[in-house]
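Here is what each chain is made of, one letter per residue.
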Amino acid sequence: MRKVLFLIVVLFVTISLNAQVGVNVGPKIGYQASKLSFQKGDMKTAFVNDLNVGLFTRFTFEKFTLQPELLLSCQNINKKVNNLSLPVLFGIKIVDNKNFKMRANVGPVAYFTVGKMASHAKPVNLGAALGLGLDVWRFTFDINYSFGLTKVYRELLGVANNARQNVFVLTMGFKLTY
C-alpha cells in the first residue's frame, strides 16, 4: 500500500513539473441520501436524506483532475451519528470551454464515523464513487454515487451482517481560486 501511495505521489509530482497545474479550493454544501443495503439489488430500505458541508481541492492536469474532498454529514435517522467522508476523485474532462466545463469522476471514498455509534459498528467504511461534475464560472456542481465496499457492522452474536453503505451525493461548491 505504501508503494502504491508513493508511486501516485511521484506520478503527480512528475506531471506537475511537466504540465501546467491548476489548483482550485473552496467550500461545498449539498444534499445526501444514504441507505444500508443488506443484499445485492436490495431496494426495500428507504434512503435517509441529509445535508452535507465541507471543503474541496481540485488539481487540474490538462484533461485530467484530482479532487480530494472532506465532507461532514449526518447519516443516521436519529441524527446522533455523523460521518466525515473523504472522497478522492480522479476525473477526465468531457467538455472544456472557458466558462463551462464537464468531467466524469471515479475514485475511492473513506467514511469515518464521528460521535456515538453502536458497539458493533465499524468506525471506518470504504466505498467506490462515480459521478459527473459541472463547472459554470466559479460554481461547481457534482453528482456522485458511492457503492459500499466494506461491511458497516461486525458480526454480532455469531450472526453475519452484510450491510453496506450506499450514498448518493449532490453538491454545489464555490471556487475561491480561479
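So, how was this worked out
- Residues numbered from 1 in each chain as written.
- Predicted model: local features only at pLDDT ≥ 70, side-chain atom pairs only at ≥ 80, totals over all residues.
- Heavy atoms only, no water.
- Helix = DSSP H or I, 4+ residues; strand = E, 2+ residues; numbered from the N terminus.
- Contact = heavy atoms within 4.5 Å.
- Polar contact = N/O pair within 3.5 Å; in protein donor to acceptor, adjacent residues only side chain to side chain.
- Phe/Tyr/Trp six-rings, centres within 6.5 Å; stacked < 30°, edge-to-face > 60°.
- Buried < 20%, exposed > 50% of the residue type's maximum accessible area, 1.4 Å probe, protein only.
- Lys NZ or Arg CZ within 6 Å of the ring centre and 35° of its normal.

K.L.:
Could you clarify how one ought to interpret the environment of K28 in this entry?
P.N.:
Among the structural elements, K28 can be located in strand 1 (residues 21-37). Remark: the alpha-carbon pair of K28 and F56, spanning 28 residues in sequence, is separated by 6.9 Å. Excluding its chain neighbours within four sequence positions, the residues that come into contact with K28 are N52, V53, G54, F56, Q67, E69, L71, D142, T171, M172 and G173. A polar side-chain atom of K28 sits 2.8 Å from a polar atom in the side chain of E69. For K28, the side chain forms a polar contact with the side chain of D142, separated by 2.8 Å.

K.L.:
How should I be thinking about the side chain of N166 in this particular structure?
P.N.:
Its place among the elements puts N166 in strand 8 (residues 164-174). Among the polar contacts listed, one links the side chain of N166 to the backbone nitrogen of G148, at a separation of 3.0 Å. The residues contacting N166, other than those within four sequence positions of it, are A33, S34, K35, S37, F47, Y145, S146, F147 and G148.

K.L.:
What am I meant to see in the packing of aromatic side chains here?
P.N.:
Between two aromatic rings, the relevant description is the distance of the centres plus the angle of the planes. With the rule as written, the count across this model stands at 5 aromatic pairs. A centroid spacing of 6.2 Å and a plane angle of 50° characterise the contact between W137 and F139, whose relative ring orientation is tilted. Aromatic pair Y145 and F147: ring centres 4.8 Å apart, planes at 70°, arrangement edge-to-face. Classification of Y145 by relative accessible area gives partly exposed; the value is 21%. A relative accessible area of 41% places F147 in the partly exposed class. An aromatic cluster is built from W137, F139 and F174, whose rings are joined through pairwise contacts. One Lys or Arg, K28, reaches over the ring of F56 and ends 5.6 Å from the middle of that ring.

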